[in-house]
Amino acid sequence: MRALVLKEFGHLVVEERPDPTPGHGEVQLAIVATGICGSDIHGFTGKNGRRVAGQIMGHESVGRIVALGEGTETSGLRIGQVATFNPLILPEEDLKTFAGREQHSPNKRVIGVAADIVSAFAQQVLVPMRNIVPLPDSMPIAYGALIEPIAVAIHAVNRAGVRTGDGVLVIGGGPIGQSIVLAALRAGAAAVLVSEVDPERRSLCERLGARTIDPRVAPLAEQVRAALGRLADVALDAVGLTSTVNDALVSTTFGGTVCLVGMGNQRLDLDAFRVSTEERTLVGSFSYSVQEFLDAAEWVARAPKELGELITREVGLEGAHEAFAGLARMDGTPGKVLVRLDK
Ligand SMILES: [Zn+2]
């Protein structure tokens, strides 16, 4: 098989690797498409320290089952089936302790992040049977690669407590912000407003059903008040800088909620009185529970037509390095880039 290897930071090469063989309880997937995540870009540049040289990344993916290991007989899975996988692998003994909040397991290993796992920028991967989520043949197969980022968005919207009728502010209209728009509307938000500097990303978000503002035009709170007729009930920050979190705080009502999803900076300087005296709730959000991943899969399986908007382009393995380099220098790609591994 061929695989995209992070040779060194800033340098991806396509290499030939032996095909894997599924062990006990494992399923072998022939990958069709894998999305490039912001975390992969930071891994590529070396910025986040969560990827190492020599690694094969890739955690937003879809493929077809090509082999089933021993002990998978009762799974109901079959060869040829379209499937995605939940990249969070929990040890057996943590399944009960962390039921419903599997992302909190300190012993989890993540496909695409753990350096010793050959992940989904390879043509063949091995996945534990319980991480496999079968998908219908009826949906455009590439949509399967959107399930993971949509699960991130569903979790963020759940953490933020978005309720029917809420006015929701999303800061940052990149791929995660875009998925949050869809998840917030799905959760019943009356209006979703996206703050984004890039005009192409703004128009993409508008096609998803959001209204948009350019944060450079006027103070954000002022623009939010003008657009929604009041401050936002909930703000989700998909950027994560001191400026954006403070913008989120001042753009929400007293008692509102700010959900921190973006990881722009490790340290933030916050206006603490916006949290204390005005009783806003600041919550963090990272990955998703097993149930939220399944919710995302079920939703994507219905193939709502807006999903197509999230995918800006597809490249082959040979074009992957260039795609990563382009995204790393912020080449203006508004949405998701998928790497096709079936060609
Ligand atoms: Zn990701």
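Here the structure is a predicted model, which means the values were calculated and not measured. (Residues numbered from 1 in each chain as written. Predicted model: local features only at pLDDT ≥ 70, side-chain atom pairs only at ≥ 80, totals over all residues. Heavy atoms only, no water.)

Let us look at the overall build of the protein chain. In terms of regular secondary structure, the protein chain is built from 11 helices and 17 strands. Computed over its C-alpha atoms, the radius of gyration of the protein chain comes to 20 Å, within 12% of the 20 Å expected for a compact globule of 343 residues. Counting the 343 residues in the protein chain, one finds 54% classified as buried. Here the protein chain has roughly 14,500 Å² of accessible surface; of this, 52% comes from carbon and sulfur atoms. Computed over 33 positive and 40 negative side-chain charges, the separation of the two mean positions in the protein chain equals 2 Å. (Helix = DSSP H or I, 4+ residues; strand = E, 2+ residues; numbered from the N terminus. Rg over C-alpha atoms; globule rule 2.2 N^0.38 Å. Buried < 20%, exposed > 50% of the residue type's maximum accessible area, 1.4 Å probe, protein only. Areas by Shrake-Rupley, 256 points an atom, 1.4 Å probe, with all protein chains shown as cover. Lys, Arg positive; Asp, Glu negative; His and termini not counted. Charge placed at Lys NZ, Arg CZ, Asp CG, Glu CD.)

Tetrahedral coordination by four donors sets the ideal angle at the metal to 109.5 degrees; octahedral coordination by six donors sets it to 90 or 180 degrees. Looking at the zinc ion, the protein donor atoms are Cys37 (SG) and His59 (NE2), and they sit 2.1 to 2.3 Å from it. Here cysteine 37 is found in the loop between strand S3 (26-35) and helix H1 (38-45), whereas its partner histidine 59 is found in the loop between H1 and strand S4 (60-68), with 22 residues between them in sequence. When its relative accessible area of 15% is taken as the criterion, cysteine 37 is described as buried. (Donors = N, O, S within 2.8 Å, 3.2 Å for Na, K, Ca; no water.)

What follows deals with the packing of helix H3 (residues 147-160) against helix H4 (residues 175-186). Angle between the axes and distance between the axes are the two parameters that describe a pair of packed helices. Across the interface, H3 lies against H4 with an axial gap of 8 Å and an inter-helix angle of 55°. By the angle between their axes, H3 is oblique relative to H4. Taken as a pair, H3 and H4 cross one another with a handedness that is right-handed. Residue-level contacts link Pro149, Ile150, Val152, Ala153, Ile154, Ala156 and Val157 of H3 to Ile176, Ser179, Ile180, Ala183, Ala184 and Arg186 of H4. Each residue belonging to the contact of H3 with H4 can be placed in one class, and the counts come to 11 nonpolar, one polar and one charged. (Axes fitted to C-alpha atoms, helices over the stretch in contact; angles between N-to-C directions. Parallel < 35°, antiparallel > 145°, perpendicular 65-115°, else oblique. Left-handed = near helix turned anticlockwise from the far one by under 90°. Contact = heavy atoms within 4.5 Å. Nonpolar A, V, L, I, M, F, W, Y, C, P; charged D, E, K, R; others polar.)

What follows covers the UniProt feature "domain: Enoyl reductase (ER)" (unreviewed entry) in the protein chain. Within this structure's numbering, the places UniProt gives as "domain: Enoyl reductase (ER)" (unreviewed entry) are residues 7-339. With 28% helix and 26% strand, residues 7-339 has end C-alpha atoms that lie 18 Å from one another. (UniProt positions renumbered as here; feature names shortened; annotations may be inferred.)

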